[in-house]
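Each chain, letter by letter, is given below.
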Amino acid sequence: MTASSEQDNVQDHSDPSHGARLGFDTRAIHHAFDPADFSRAVQPPVFLTSTYGFESVAANDAAAALGGRLYAREYNPTTEILEKRLANLEGAEAGLVVSTGMAAFGTLVLSLLSQGDELVVHKTLYSNTVAMVEQCLPRFGIRVVPVDLSNPNNLDAAITDKTRLVYFETPVNPLSAILDISAIAARAHARNVKVAVDSTFASPSLQRPIEHGADIVLHSLTKYINGHGDTLGGALLGDAETLHTLHETGLRYITGATLSPHSAFLILRGLKTLSLRMERHSASALIIAHMLEAHPAVAWVSYPFLDSHPDHTIAHKQMTQGAGMLAFGLHAGFDGARTMLDRLQLLTRAVSLGDTDSLIYHPASITRARQALRKDAHLIEGVGEDLVRLSVGLEDVSDLVADLRQALQDL
Ligand code: PLP
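These numbers come from a predicted model, not from an experiment.

Visitor: Please provide a residue-by-residue account of the pattern of salt bridges, values included.
Guide: Between side chains of opposite charge, a pair can form as their charged atoms come close. By the definition in use, this model includes eight salt bridges. Here R368 ties to E385 by a salt bridge, and the two come within 2.6 Å at their closest N and O atoms. Of the two residues, R368 sits in helix α15 (residues 363-371) while E385 sits in the loop between α15 and β12 (388-391), which places them 17 residues apart along the sequence. According to the relative accessible area criterion, E385 is partly exposed, its value standing at 36%.

Spelled out as structure tokens, the structure:
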């Protein structure tokens, strides 16, 4: 699809949700889908086809001119609804969905960066993103510069004339630290450098980085946006020109990190209830954060909407609620974390986040276990041996509090 046709589609007047004029939830349910185009089906059909047949060579040419609508690695109608809807909800001109959040990061960096370029990243990132920037990108001659972006002034010394992109998460996984999107974007733009934000921990219902000056937004759709823990997915949302580049040169075409249409359907279904779910995740997480903060076994709690959070003013500026992710540590440290996790009866010991089910994990335990396989496995910068990460689910919060309390007893 060309940049201009992508833009036209975003402003498509046949769209029953009329672009961005309707409310967030209405657009999450209706944007970019008109039942009249799909035999009046109320829910988007799943197109399970690997290729598309054409009535003539000229029709085949016309499809190719639309950006390769010839083959399902490049184009699928179900997937396209998801791309347009996510772009609309983020306030972006265009979107690209791929098979996982990591595929989205791979698409981003391997499409926009070349040998000799530099990438500035915040010093703490999701562990596999760290693996990508530490182990993979340097092999291709891309220099990665980790910086503490909690002070946006640090960007000034980190950016050189080779810097092509600044990349960070906010909230930051797994610390639930907050970075100031508008302050970072202003400094990067002053040096003509694009900014990409991984907004997975917030979702577009609580935070829209483009409104704060970011150029590109990345999501692991696996998390809140799908929300039900039953599929993987990733998305990149941004301006039409950049998305055109990502679309044409990105990993979906070249390495085939295509989202399955069935996953696109599930994610579209999850998206319909996103803001309802985020309200509940956020309300329950705040109750749990207060409970933990007052508990004698707990040494510290990090939750963006707690008054004790060092960045809570920035969190209130760029997020409408705190989401469901919190981190905490016990006075009993590494061993205490393991004991507490083993005592839990309702919360599930698992990685991942953003599901209906509450998920809890202890990164230091996983890292130690991985060291048996890989000697260079290490904890991410800023993550202590005591840190426990909790993704608060949609269960009754009183049951979650009771389970955590019994697990913390006498620790
Ligand atoms: N970004 C963040 C903040 C994550 O937490 C994750 C996964 O946990 C990813 C990206 C990668 O997403 P996926 O697991 O869908 O590849």
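Visitor: Which residues make up the domain arrangement of the protein chain, and what values go with them?
Guide: Interface size is commonly expressed as the accessible surface area that is lost when the partners come together. Domains assigned within the protein chain are domain 1 (13-271) and domain 2 (274-408). Taken together, the contact between domain 1 and domain 2 spans 39 residues of the former and 37 residues of the latter. Between domain 1 and domain 2 the total buried area reaches about 3100 Å² when both faces are included, carbon and sulfur atoms providing 57% of it. K317 is paired through a salt bridge with D180; the nearest N and O atoms lie 2.9 Å apart. Taken together, the links from domain 1 to domain 2 amount to 21 residue pairs in polar contact (both at pLDDT 80 or more).

Visitor: Tell me about the layout of surface pockets, and please be specific about residues and values.
Guide: Vacant regions in the atomic arrangement are exposed by a probe of water-molecule size rolled over the atoms. If you add up the space inside the largest pocket, you get close to 970 Å³. Lining the largest pocket are 43 residues, and of these Y126, S127, N128, T129 and R370 lie nearest its centre. Only α5 (101-112), α6 (127-136), β4 (163-169), β6 (216-220) and α15 provide two or more residues apiece to the lining of the largest pocket. In terms of residue count, α6 provides more of the lining of the largest pocket than any other element does, seven residues in total.

Visitor: How would you sum up the site of the ligand? Please name residues and give values.
Guide: Near the ligand there are 13 residues, and of these G101, D198, S220, T222 and K223 occur at the shortest range. Contact distances for the ligand include 2.8 Å between an oxygen atom and a backbone N or O atom of M102. D198 has a polar side-chain atom sitting 2.6 Å from a nitrogen atom of the ligand. About the coverage of the ligand: the protein hides 91% of its 390 Å² of free accessible area. With respect to the pocket detection grid, the ligand is positioned in the largest pocket.

Visitor: Provide a residue-level description of the UniProt feature "modified residue: N6-(pyridoxal phosphate)lysine" (unreviewed entry) in the protein chain, including the pertinent values.
Guide: UniProt's entry tags K223 with the feature "modified residue: N6-(pyridoxal phosphate)lysine" (unreviewed entry), counted in the numbering of this structure. Note that K223 resides in the loop between β6 and β7 (234-238). Residue classification places K223 among the buried positions, given a relative accessible area of 15%. Ignoring sequence-local partners within four residues, the contact set of K223 consists of T200, S352, L353 and G354.

Rules behind the numbers
In this convention, every chain numbers its residues from 1, walking through the sequence in written order. Local features are withheld for residues below a pLDDT of 70 in this predicted model, meaning they are given only at 70 or higher, and side-chain atom pairs are given and counted only at 80 or more; totals for whole chains, interfaces and linings count all residues. With hydrogens and water set aside, each side-chain value is computed from the structure's full complement of heavy atoms. One side-chain nitrogen of Lys or Arg within 4 Å of one carboxyl oxygen of Asp or Glu is enough to make a salt bridge. What counts as a helix is a DSSP run of H or I of at least four residues, what counts as a strand is a run of E of at least two, and both are numbered from the N terminus. When accessible area is computed with a 1.4 Å probe and restricted to protein chains, residues below 20% of their type maximum are described as buried, those above 50% as exposed, and intermediate ones as partly exposed. An automatic or database domain assignment provides the domain bounds reported here. Contacts are assigned to residue pairs with any non-hydrogen atoms lying within 4.5 Å of each other. Buried area counts how much accessible surface, traced with a 1.4 Å probe, disappears from two parts once they are put together, with both parts' losses summed. We call two N or O atoms a polar contact when they sit within 3.5 Å, provided that within protein one can donate a hydrogen and the other can accept it, with sequence-adjacent residues counted only if both atoms are side-chain atoms. In this analysis, the protein atoms alone were mapped onto a 1 Å grid. Cavities are point sets where a 1.4 Å probe fits without being able to get out; pockets are open sets with protein on both sides within 12 Å along at least five of seven lines; lining residues have an atom within 4 Å of a point. Grid points are joined across faces, edges and corners, and a volume is the space filled by probe spheres set on the points. The nearness test applies per residue and asks whether one of its heavy atoms lies within 4 Å of the molecule or strand. Note on areas: Shrake-Rupley with a 1.4 Å probe; residue coverage comes only from the protein chains shown. Grid points define the cavity or pocket, and a molecule sits in it when more than half of its atoms lie within 2 Å of them. UniProt positions are given in the numbering used here, feature names are shortened, and annotations may be inferred rather than shown by experiment.

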